[in-house]
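Here are the chains, one letter per residue:
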Amino acid sequence: MWYHKPVVNEELLQSLPNLRIVASSGVGIDHLDLKLLSSYGVKVSNTPFVVSTDTADLGMALMLASSRRLVEGYEMAISPDTEYFPADWLGAEVSGATLGIVGMGTIGYKVAERAKAFEMKILYHNRSQRKKEEESAVGAVYCKKIDDLLQQSDFVMLAVNLTPQTHKLIGKRELELMKPTATLINISRGLVVDQDALVEALQKKIIKAAALDVTYPEPLPRDHPLLKLKNVIITPHIGSATKKTRRIMMEEMIESIQAGLAGLPVPHEV
Amino acid sequence: RGIRVGYTPDVLTDATAELSVALLLSVCRRLPEAAEQVKGGGWTTWKPLWMCGYGLSNSTVGIIGLGRIGQAVARRLKPFGVKKFLYTGSGPKPEGAAEFGAEFVPLTRLAEESDFVVVTCALTPATQGMCNKDFFSRMKKTSVFVNTSRGAVVNQEDLYDALAQGQIAAAGLDVTTPEPLPTNHPLLSLKNCVILPHIGSATYATRNTMAVLAANNLLAGLRGEPMPHELQL
């Protein structure tokens, strides 16, 4: 299944008595009721590591585009109303700033590797601390308490998976702990953020800006306030959107399906 | 007429290199186009190949002009999984190139082998109009072209043709001739051409530093003293 559809519920499973395996695209499995599927004897697979590089690249792209005001700048450069480029039209530098990565898994770590080349100071919050060699390779400092990361970061990047523990991980309290000059970047899942609290925080300038590849729902309803805020960039869940990666995802799903149907061990079984 | 000239090199290297990479990523992942789809309602259902761009993993990056800014660009691109760096210019720069294992090649070879081309050279009589029909025709159909040097290094009509005919995949320009482009300029109509309003050094921190440096140059000049950064004429 590509992108969370069809919805796998009791009704669907009952109508497909011969279903042996659900192969899901991407790494996230928050859209699947694993207990339910297991109770019907259906296996589940995903496509974990192949999406990591492109998603990390997009996280960097969003952080840079937001900080340097790329979308606004593009609109100004092509607008028929633009007569000259104002000399005092400025953005903020990513180079040398502090990046706080929430969720230092495969994707989070790849973001850290990229950010290091911009001489960023890297903080991270994770369920567990990474090995010393992994930390020093990217110069990352562990923040056991998320508060410490939020208070010190110029950019907060969310790279956790969605679980009951990370649901609304970033709410009103967390946004208020962030610097008023900070930017929130989300490449995880929309529900990791309390979206209404985010809207309020952006409107009241409690944080400076947000760049989101994921929202809840996707797409947002046409009249949603996030679509109107000037300091927000939203992309349509394109974290893994390169032809090369999508092709490999498809191949992995087919591999898993073939193994599942043949009763063999399923690669990337969840 | 005996007029001295001060300028502000070096202090804008990081900001400009950063913007070059920001532009490259925005172009290859189609960020402005995708953002427009979100706002404009073009995002209806999700399809696996919709809005797909290009990744940097295992790519070859060609840098035209491996000076301070070019090197700072290479440094930032390296951890994105770039397999090979090529560069061209008036001559090889072994010390600068060593950090990236960059190979000095003729302009034609750089065009033929690069997945991403970044132009960070100075505008001189030798580089004027250097990126022209011949150059673009040698580039790969899947390649991305980024210019953050000066508009005049690129032949804009030839670039338009290359983009419109699919000779290259996409382009990002922080600089054009003139700035801004006239409202009916064909480059403005292309979805696969991202244009920025010359913001390479446009950060608060960098412009502050530039302003202070320029003022110090001026004061030194008025006092008849050596300038912090004087252009040798």
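Nothing here was measured: the structure is a model prediction, and the numbers come from that model.

About the thresholds
Residues numbered from 1 in each chain as written. Chains lettered and ligands numbered in written order. Predicted model: local features only at pLDDT ≥ 70, side-chain atom pairs only at ≥ 80, totals over all residues. Heavy atoms only, no water. Helix = DSSP H or I, 4+ residues; strand = E, 2+ residues; numbered from the N terminus. Contact = heavy atoms within 4.5 Å. Areas by Shrake-Rupley, 256 points an atom, 1.4 Å probe, with all protein chains shown as cover. Lys, Arg positive; Asp, Glu negative; His and termini not counted. Charge placed at Lys NZ, Arg CZ, Asp CG, Glu CD. Buried < 20%, exposed > 50% of the residue type's maximum accessible area, 1.4 Å probe, protein only. Pairing = 2+ DSSP bridges. Right-handed = clockwise from strand over helix to strand, strands pointing away. Domains from an automatic or database assignment. Buried area = accessible area lost by both parts, 1.4 Å probe. UniProt positions renumbered as here; feature names shortened; annotations may be inferred. Axes fitted to C-alpha atoms, helices over the stretch in contact; angles between N-to-C directions. Salt bridge = Lys/Arg side-chain N within 4 Å of Asp/Glu carboxyl O. Parallel < 35°, antiparallel > 145°, perpendicular 65-115°, else oblique. Left-handed = near helix turned anticlockwise from the far one by under 90°. Nonpolar A, V, L, I, M, F, W, Y, C, P; charged D, E, K, R; others polar. Polar contact = N/O pair within 3.5 Å; in protein donor to acceptor, adjacent residues only side chain to side chain.

### Points about the overall build of chain A
Step number 1: Within chain A one finds 10 helices and 9 strands.
Step number 2: In terms of overall dimensions, chain A has a C-alpha envelope of 65 × 50 × 35 Å along the principal axes.
Step number 3: Taking contacts inside chain A between residues at least 6 apart in sequence as the whole, the part at least 24 apart equals 63%.
Step number 4: Working note: accessible area of chain A is about 12300 Å², and carbon and sulfur atoms make up 54% of it.
Step number 5: Averaged over its 31 positive side-chain charges, chain A has a centre that lies 3 Å from the centre of its 32 negative ones.

### Quick word on the pairing of strand β6 (residues 170-173) of chain B
Residue and element names in this part refer to chain B.
Step number 1: Here β6 shows no split at all, with Ala170 and Gly172 on one side and Ala171 and Leu173 on the other all buried.
Step number 2: Relative to β6, strand β5 (residues 144-147) runs parallel, the two sharing 4 bridges. By the bridge assignment, Val144 is partnered in β6 with Ala170.
Step number 3: Crossover β5 to β6 through helix α7 (residues 156-164) is right-handed.
Step number 4: Pairing geometry for β6 and strand β7 (residues 193-195), over 3 bridges, is parallel. Residue pairing for β7: Ala171 is matched across the bridge by Cys193.

### With respect to the domain arrangement of chain A
All names here are of chain A.
Step number 1: Partitioning chain A into structural domains gives domain 1 (10-49 + 242-262) and domain 2 (51-79 + 91-234).
Step number 2: Of note, the centres of domain 1 and domain 2, computed from C-alpha atoms alone, are 29 Å apart.
Step number 3: Facing 10 residues of domain 1, the contacting portion of domain 2 comprises 6 residues.
Step number 4: Buried area between domain 1 and domain 2, both sides added, is near 650 Å², and the carbon and sulfur share of it is 51%.
Step number 5: Taken as a group, Asp30, Phe49 and Thr245 account for 63% of the area that domain 1 buries against domain 2, more than any other trio of residues on that side.

### Brief notes about the UniProt feature "domain: D-isomer specific 2-hydroxyacid dehydrogenase catalytic" (unreviewed entry) in chain A
Step number 1: Under the feature "domain: D-isomer specific 2-hydroxyacid dehydrogenase catalytic" (unreviewed entry), the UniProt entry names residues 2-270 of chain A.
Step number 2: Along residues 2-270 of chain A, the helical share is 36% and the strand share 13%, with 16 Å between the first and last C-alpha atoms.

### Some details on the side chain of Glu33(B)
Residue and element names in this part refer to chain B.
Step number 1: Counting through the fold element by element, Glu33 comes out in helix α2 (residues 31-40).
Step number 2: For Glu33, a relative accessible area of 17% translates into the label buried.
Step number 3: Once residues within four sequence positions are removed from consideration, Glu33 is found in contact with Met51 and Lys191.

### Considering the UniProt feature "domain: D-isomer specific 2-hydroxyacid dehydrogenase NAD-binding" (unreviewed entry) in chain A
Step number 1: According to UniProt, the "domain: D-isomer specific 2-hydroxyacid dehydrogenase NAD-binding" (unreviewed entry) feature falls on residues 60-239 of chain A.
Step number 2: Between the C-alpha atoms that bound residues 60-239 of chain A the distance is 11 Å, and the span itself is 32% helix and 16% strand.

### As for the UniProt feature "domain: D-isomer specific 2-hydroxyacid dehydrogenase catalytic" (unreviewed entry) in chain B
Step number 1: The UniProt feature table records "domain: D-isomer specific 2-hydroxyacid dehydrogenase catalytic" (unreviewed entry) at residues 1-231 of chain B.
Step number 2: The straight-line gap between the two end C-alpha atoms of residues 1-231 of chain B is 15 Å; of that span, 36% is helix and 12% is strand.

### Points about the sheet that holds strand β1 (residues 60-64) of chain B
Residue and element names in this part refer to chain B.
Step number 1: In spatial order, the strands read β3-β2-β1-β4-β5-β6-β7; together these 7 strands make up an open sheet with parallel pairing. On the outer flanks of this sheet lie β3 (103-104) and β7, each paired with one strand and no other.
Step number 2: Taken strand by strand, helix α3 (residues 68-77) contacts β1, β2 (84-88) and β4 (116-119), and its axis lies near 165° from that of β1.

### Section: the sheet that holds strand β6 (residues 155-158) of chain A
Residues and elements named next belong to chain A.
Step number 1: Strand order in the open sheet formed by 7 strands is β5-β4-β3-β6-β7-β8-β9, and the pairing between neighbours is parallel. Among the strands making up the open sheet, the edge pair consists of β5 (140-142) and β9 (232-234). On average, adjacent strands in this sheet sit at an angle of 15° to one another, irrespective of strand direction.
Step number 2: Relative to strand β8 (residues 209-212), strand β7 (residues 183-186) is paired through 4 bridges, and the arrangement is parallel. Residue pairing for β8: Ile185 is matched across the bridge by Ala211.
Step number 3: Lying over the sheet, helix α9 (residues 195-203) contacts β7, β8 and β9, oriented at roughly 140° with respect to β8.

### Remarks on the environment of Met51(B)
Step number 1: With respect to the helices and strands, the residue Met51(B) is situated in the loop between α2 and β1.
Step number 2: Along the sequence, Met51(B) and Val61(B) sit 10 residues apart, while their C-alpha atoms lie 23 Å from each other.
Step number 3: Residues contacting Met51(B), with those up to four places away along its chain left out, are Ile238(A), Ala241(A), Arg30(B), Glu33(B), Ala34(B) and Gln37(B).

### A look at the pattern of salt bridges
Pairing between side chains becomes possible if they bear opposite charge and their charged atoms approach one another.
Residues and elements named next belong to chain B.
Step number 1: Per the counting criterion, the structure on display carries 25 salt bridges over all chains.
Step number 2: Across the salt bridge formed by Glu230 and Arg4, the nearest N and O atoms sit 2.8 Å from each other. Here the residue Glu230 occupies a position in the segment after α8 (204-223), and Arg4 occupies one in the segment before α1 (13-28), the gap between them amounting to 226 residues.
Step number 3: Members of the salt-bridge network, linked through shared partners, are Lys84, Glu103, Arg109 and Glu113.

### A look at the packing of helix α3 (residues 52-67) of chain A against α1(B)
Step number 1: Relative to each other, α3(A) and α1(B) sit at 125°, their axes nearing to 9 Å. It follows from the interaxial angle that α3(A) and α1(B) lie oblique. Where α3(A) crosses over α1(B), the handedness of that crossing is left-handed. Residue-level contacts link Asp57(A), Met60(A), Ala61(A), Leu64(A) and Ala65(A) of α3(A) to Glu18(B), Val21(B), Ala22(B), Leu25(B) and Ser26(B) of α1(B).
Step number 2: Residues belonging to the contact of α3(A) with α1(B) are distributed by class as follows: 7 nonpolar, 1 polar and 2 charged.

### Quick word on the UniProt feature "domain: D-isomer specific 2-hydroxyacid dehydrogenase NAD-binding" (unreviewed entry) in chain B
Step number 1: Annotation from UniProt places "domain: D-isomer specific 2-hydroxyacid dehydrogenase NAD-binding" (unreviewed entry) at residues 21-200 of chain B.
Step number 2: Strand forms 15% of residues 21-200 of chain B and helix 31%; the C-alpha atoms that close the span are 10 Å apart.

### Overview of the interface of chain B and chain A
Step number 1: Taken together, the contact pairs 56 residues of chain B with 56 residues of chain A.
Step number 2: Seen at the junction of chain B and chain A, the total is 1 salt bridge.
Step number 3: Between Glu18(B) and Arg68(A) there is a salt bridge, with its nearest N and O atoms 3.1 Å apart.
Step number 4: Our count for the chain B to chain A interface comes out at 20 residue pairs in polar contact (both at pLDDT 80 or more).
Step number 5: Of all elements in the fold, only α1, α2, α3, β7 and α8 of chain B reach the threshold of two or more residues within the side of chain B that touches chain A.
Step number 6: At 9 residues, α1(B) tops the list of elements feeding residues into the side of chain B that touches chain A.
Step number 7: Residue composition of the side of chain B that touches chain A, grouped by class: 33 nonpolar, 14 polar and 9 charged.

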